[in-house]
Amino acid sequence: MNKGKRAGASGSGEQACEQLQAAPIDLDHLHRQTMGDNALGREVLAMFVAQSLSVRDQLAGAELRQRTLLAHGLKGAARGVGAFAIAECADAIERNPGEAGHLERLDSLVEDVRAFVAAADL
């Protein structure tokens, strides 16, 4: 199984949103969450990709309160699958929903996860 590593979570939301990690998904974390069931891991990641794409698309046109709620939901889902950079960026959006740079960063992170999952041999 490919192993992704989590970036450090120190600093402000803006800094956390900008931090990079070796892989978009911490596969060790996902493996623990799914109790080693690779089929379940693939299914969970597919659902996460669909959710993250949907949230990303909704965020751009959402009012600030709705952005906060969308980001909060995405943050929890991202932490669950080991997409810690997305979780940190979603946390930054939740705390400062009007910051356009966070939305741009999230877009990039979501695309990284989508490509990673499509190419991953889980």
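Residues numbered from 1 in each chain as written. Predicted model: local features only at pLDDT ≥ 70, side-chain atom pairs only at ≥ 80, totals over all residues. Heavy atoms only, no water.

J.: Where do I start with the environment of Leu30 in this structure?
T.: Within the fold, Leu30 resides in helix α2 (residues 27-33). Under the relative-accessibility criterion, Leu30 is labelled buried at 4%. Sequence separation of Leu30 and Leu45 is 15 residues, and the distance between their C-alpha atoms is 8.9 Å. (Helix = DSSP H or I, 4+ residues; strand = E, 2+ residues; numbered from the N terminus. Buried < 20%, exposed > 50% of the residue type's maximum accessible area, 1.4 Å probe, protein only.)

J.: When you look at the pattern of salt bridges in this model, what are you seeing that I'm missing?
T.: A side chain with one charge can pair with a side chain of the opposite charge if their charged atoms come near. Evaluation of the coordinates by the stated rule reveals seven salt bridges. With a closest N to O distance of 2.8 Å, Arg114 and Glu111 form a salt bridge. Highlighted residues: Arg114 and Glu111, both in helix α6 (residues 100-119), separated by three residues, approximately one helical turn. With relative accessibility at 36%, the residue Arg114 sits in the partly exposed group. (Salt bridge = Lys/Arg side-chain N within 4 Å of Asp/Glu carboxyl O.)

J.: Explanation requested: the packing of helix α3 (residues 38-61) against helix α4 (residues 64-81) in the structure shown.
T.: The packing of two helices is summarised by the inter-axis angle and the distance between the axes. Relative orientation of the contacting elements α3 and α4 amounts to 160°, with a least axis distance of 10 Å. In terms of orientation, α3 lies roughly antiparallel with respect to α4. The handedness of the crossing between α3 and α4 comes out as left-handed. On α4, the residues that touch Val44, Leu45, Phe48, Gln51, Ser52, Val55, Gln58, Leu59 and Ala60 of α3 are Arg67, Leu70, Gly73, Leu74, Ala77, Ala78 and Val81. (Axes fitted to C-alpha atoms, helices over the stretch in contact; angles between N-to-C directions. Parallel < 35°, antiparallel > 145°, perpendicular 65-115°, else oblique. Left-handed = near helix turned anticlockwise from the far one by under 90°. Contact = heavy atoms within 4.5 Å.)

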